[in-house]
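Each chain is listed here by its residues.
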Amino acid sequence: MKVAYHFKCGDIQGIYDSVFYELIFNNLLRLNEPFISSKILIGDLLIYDYLRQGNNPSDFLNYLFQVKGDIWRRIVTDKVKYFIEDIVFVICFETIPKELAIKLNNSLANEERYLGALEIDNSLELHWWLYGECIGPKFRLLNKEINILIDDNEPESLEYVEDIKQRLKGIPFDNINTEFSNYRHSIFDDKHNYENAKRATEWKQGMDSVFTTITDEIIGKLTDTAPDLTDKLWSINHTFLNAQTGEQYAQAMTSCRRVFEYVTDCLFPATNEIIEGHSLRKDKYKNRLLEFAKREFKSETNIELIVTNTSSLFDEWNKLYELSNKGVHSDPHRQECRRCIIRTILLLDDLIAIKRTPFEVNVKGEKFINDFMNRHNASR
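Values in this document were obtained by computation on a predicted structure and should not be read as measured data.

Definitions and limits used
Residues numbered from 1 in each chain as written. Predicted model: local features only at pLDDT ≥ 70, side-chain atom pairs only at ≥ 80, totals over all residues. Heavy atoms only, no water. Pairing = 2+ DSSP bridges. Helix = DSSP H or I, 4+ residues; strand = E, 2+ residues; numbered from the N terminus. Axes fitted to C-alpha atoms, helices over the stretch in contact; angles between N-to-C directions. Contact = heavy atoms within 4.5 Å. Patch = residues over 30% accessible without salt bridge, like charges linked within 9 Å, V, L, I, M, F, W, Y side chains within 5 Å. Areas by Shrake-Rupley, 256 points an atom, 1.4 Å probe, with all protein chains shown as cover. Salt bridge = Lys/Arg side-chain N within 4 Å of Asp/Glu carboxyl O. Core = buried A, V, L, I, M, F, W, Y, C linked by side-chain atoms within 4.5 Å. Buried < 20%, exposed > 50% of the residue type's maximum accessible area, 1.4 Å probe, protein only. Phe/Tyr/Trp six-rings, centres within 6.5 Å; stacked < 30°, edge-to-face > 60°. Lys NZ or Arg CZ within 6 Å of the ring centre and 35° of its normal.

*Asks:* Can you tell me about the sheet that holds strand β3 (residues 73-75), naming the residues and giving the values?
*Replies:* A sheet is described by the order of its strands in space; here eight strands give the open sequence β3-β5-β1-β4-β2-β6-β7-β8, paired in mixed fashion. At either margin of the open sheet sits one strand with a lone partner, and together these are β3 and β8 (175-180). Between one strand axis and the next, the sheet turns through 25° on average, direction left out of account. Of the pairings in the sheet, the one linking strand β1 (residues 3-8) to strand β5 (residues 114-119) comprises five bridges and is antiparallel in character. Paired with Y5 across the two strands is A117, which belongs to β5. Packing against the sheet, helix α6 (residues 125-133) makes contact with β1, β2 (37-44), β4 (88-93) and β5, and its axis sits at approximately 120° to β5.

Below, the structure is given as structure tokens:
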């Protein structure tokens with residue numbers, strides 16, 4: 001999501017951006033997150049024009065912060081007045097995971113000049129104007145490296161780079177690089193407008209809804225017959241989010257494979273049958289899953305979908321193991337691992353889609369009753 005961090009700075013003499021670069025980047029690097037990739041927009045929060053139009057300050061800030069809306073916010077309540085009374089400096093991450101946004105906010109919470117964080121919704125014209133038009137992209141952060149964005153290699157731009165490098169001096173980035181933005185987000189960029197930003201935001205919100213529906217159905221339907229699936233999916237997510245090495249990403253990928261094997265065992269337990277030359281023994285997970293699909297649904301399209309998705313999963317697993325053996329840097333591992341997780345989720349969604357009847361409930365009621373009776377008798 002897009003998140004802006006706010007700081008009051010009206011009493012600082014001279015150039016003040018370096019004060020907040022040091023504050024926010026040092027805090028971010030200390031969090032030691034395994035993967036960060038975001039453009040960073042910088043500038044002052046220019047709300048004076050709106051207030052001069054006669055808007056009630058309290059009503060305006062409520063609208064800005066969307067107090068009754070669904071956006072994420074951590075505005076410091078007793079410092080709200082500074083948005084009206086002071087100059088507010090903004091450091092805005094174009095893309096940041098919610099978990100990291102929360103951690104960064106918490107690390108800044110006790111800073112005297114910190115006013116709080118706000119999720120930016122570009123479908124709101126006010127948000128787009130203040131956090132997309134009035135401020136601009138200055139950096140791109142890639143893990144522990146930072147790129148200074150410039151439009152061209154003219155002398156003025158190169159002088160600007162040297163000046164910014166001095167302002168970043170002392171912050172422990174691995175590298176400070178230069179990147180040409182080619183006038184992206186400028187008046188020469190015909191896609192830099194509110195309508196385009198609104199469409200992009202609405203698309204992201206729509207896709208969030210799609211994936212939420214998929215995950216809801218996996219938990220609501222597939223866990224009837226595979227009751228341990230919740231714990232296994234949680235384990236994958238936990239391992240992935242906290243992974244920092246190739247070995248840890250490999251562990252998340254192994255967990256994906258175990259989900260595949262576990263669900264297959266639940267849907268189509270192993271047998272000694274051989275159907276059309278295909279064994280259905282314990283280790284023949286792919287054959288058993290395809291046989292489940294054939295018995296549930298006769299459409300060749302659905303069968304081909306299962307074949308394609310399972311083949312993609314096997315390819316992802318093999319690629320990651322090759323990367324692990326070669327000792328490749330963890331960044332490629334993360335991308336491979338993320339794709340594997342997504343394909344695992346989509347495969348589970350495919351299985352739900354082809355099931356024509358409710359999944360059989362697989363709850364061991366007898367075991368619970370027996371355990372309860374044993375405990376009851378023992379307590380007598």
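*Asks:* Before we move on, can you summarise a nonpolar patch on the surface with the specific residues and values?
*Replies:* Together, V210, F211, I342 and L346 make up a nonpolar patch on the protein surface, roughly 300 Å² of accessible area in all. Listing elements by their share of the nonpolar patch, those giving two or more residues are α8 (194-225) and α13 (330-354). Here I342 shows up in helix α13.

*Asks:* Go over the nonpolar core with me, naming the residues and quoting the values.
*Replies:* Within the largest apolar cluster, 37 residues are counted, with the highest numbers of intra-cluster contacts made by Y5, F25, I91, F93 and F139. Element by element, the count of residues in this core is highest for helix α1 (residues 17-31), at seven residues. Each residue touching F139, except ones within four places of it in the same chain, is listed here: Y21, F25, S38, K39, I40, I42, I146, N147, I148, L149, I164 and L168.

*Asks:* With reference to specific residues and values, describe the packing of aromatic side chains.
*Replies:* As enumerated under the stated definition, the model contains 16 aromatic pairs in all. Look at Y5 and F93: their rings are 5.8 Å apart centre to centre, the planes differ by 85°, and that puts the pair in the edge-to-face class. Of the two residues, Y5 sits in strand β1 while F93 sits in strand β4, which places them 88 residues apart along the sequence. The class of Y5 is buried, set by a relative accessible area of 0%. The buried category is assigned to F93, whose relative accessible area is 0%. Ring geometry for F25 versus F173: centroids 5.4 Å apart, planes at 65°, classification edge-to-face. On the criterion of sequence distance, the pair formed by F25 in helix α1 and F173 in the loop between α7 (155-167) and β8 is long-range, its members being 148 residues apart. Of the two residues, F25 and F173, both sit in the buried class. Following the ring pairs from residue to residue traces out a cluster consisting of Y5, F7, Y16, F20, F89, F93 and Y114. Above the face of the Y82 ring, K8 is positioned so that its terminal group lies 4.9 Å from the ring centre.

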